[in-house]
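Architecture and fold: a report
Take a look at the letters that make up each chain.
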Amino acid sequence: MKRLQDKVAIITGAVNGIGYEAAKTFAREGARVVLADFDQESGETSQAQLAGMGYNTMFCQVDVSSRESVDQMTRNVLDNFGQIDILINNAGITRDAMLRKMTAEQFQQVINVNLTGVFNCTQSVIEQMIAQGKGKIVNTSSVTGVYGNIGQTNYAAAKAGVIGMTKTWAKELGRKGINVNAVVPGFTETNMVANMPAEIIEKMKAQVPLGRLGKPADIANAYLFLSSDESDYISGHVLHVDGAIIM
């Protein structure tokens with residue numbers, strides 16, 4: 001029996017990087033996967049790739065910062081699959097700038113997607129999870145949300161807020177059969193990191209006791225565990241997947 005057999009999982013920010021790796025991992029473990037992303041062209045391409053592998057997936061174009069868009073996504077998923085068992089709040093953006101130069105627009109854009117988007121998606125699906133009597137919600141924070149990072153006031157604030165919401169929701173929703181946890185990725189080999197200068201990447205590696213950057217699969221496997229029945233007695237936990245950069 002596969003670990004997510006017949007479960008329906010929504011993964012936001014699912015068309016590349018960690019999100020796409022998670023979509024493949026979940027589909028391989030038997031889930032029906034909803035790739036939810038703002039980028040329609042890439043989303044359709046990613047969904048077609050997974051369908052070509054024989055996986056049961058669908059793409060939903062969504063702006064997580066818009067409650068109307070999120071609620072439409074939820075309706076589409078229920079119309080197609082009839083249930084929602086797992087929500088992975090993986091979508092996120094960066095708009096980096098030093099505090100003295102960060103614009104109000106840059107600050108708000110990141111808050112709208114990385115914090116309000118997590119609220120919108122979670123609130124939109126919980127009534128269905130409550131009706132089913134069980135659900136798994138995994139929120140994506142960041143090491144930046146734990147210890148801060150120069151030039152990322154907006155990102156750090158949003159990711160710290162995600163941890164606070166995770167712990168609050170675990171307390172509120174536990175009696176309804178819903179587990180809520182957070183994953184804290186460290187420096188991970190995404191497209192954004194790949195475009196950095198080589199000397200910066202080497203400096204990042206040097207900060208990690210395990211001596212390497214994380215791979216998208218490292219994060220996807222953490223999502224998988226926290227979404228499976230194996231984690232049924234884990235809620236309100238903040239799981240660091242960071243190579244021991246924070247101890």
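The structure reproduced in this document is the subject of the present report. Every value quoted in this text rests on a predicted model; they were computed, and no experiment measured them.

What counts, and where the lines are drawn
Residues numbered from 1 in each chain as written. Predicted model: local features only at pLDDT ≥ 70, side-chain atom pairs only at ≥ 80, totals over all residues. Heavy atoms only, no water. Pairing = 2+ DSSP bridges. Helix = DSSP H or I, 4+ residues; strand = E, 2+ residues; numbered from the N terminus. Axes fitted to C-alpha atoms, helices over the stretch in contact; angles between N-to-C directions. Contact = heavy atoms within 4.5 Å. Salt bridge = Lys/Arg side-chain N within 4 Å of Asp/Glu carboxyl O. Buried < 20%, exposed > 50% of the residue type's maximum accessible area, 1.4 Å probe, protein only.

1. A closer look at the sheet that holds strand β2 (residues 32-37)
In space, the seven strands of this open sheet follow the order β3-β2-β1-β4-β5-β6-β7, with parallel pairing throughout. Because the sheet does not close on itself, it has two edges, and the strands there are β3 (57-61) and β7 (238-241). Shown here is a sheet whose adjacent strand axes are inclined to one another by a mean of 20°, direction ignored. In terms of strand pairing, strand β1 (residues 8-12) meets β2 through five bridges, oriented parallel. Bridging from a neighbouring strand, Thr12 pairs with Ala36 of β2. Running over the sheet, helix α2 (residues 40-52) touches β2 and β3 and is turned about 175° from β3. Sheet strands in contact with helix α6 (residues 153-173) are β5 (135-140), β6 (178-185) and β7, and its direction is about 160° off that of β6.

2. Section: the pattern of salt bridges
When the charged atoms of two side chains lie near each other, side chains of opposite charge can form a pair. Applying the stated criterion across every chain yields a total of nine salt bridges. Across the pair Arg3 and Glu230 runs a salt bridge, and its minimum N-O distance is 2.8 Å. A residue pair is termed long-range when its members are at least 10 positions apart, and Arg3 in the segment before β1 and Glu230 in the loop between α9 (216-227) and β7 qualify at 227 residues. Owing to a relative accessible area of 32%, Arg3 belongs among the partly exposed residues under this scheme. When the shortest N-O distance is used, the salt bridge between Lys205 and Glu202 registers 3.6 Å. Separated by three residues within a single helix, Lys205 and Glu202 lie in helix α8 (residues 198-206), roughly one turn from each other. A relative accessible area of 28% means that Lys205 is categorised as partly exposed. A single salt-bridge network, built from bridges that share partners, covers Lys134, Lys136, Asp229 and Asp232.

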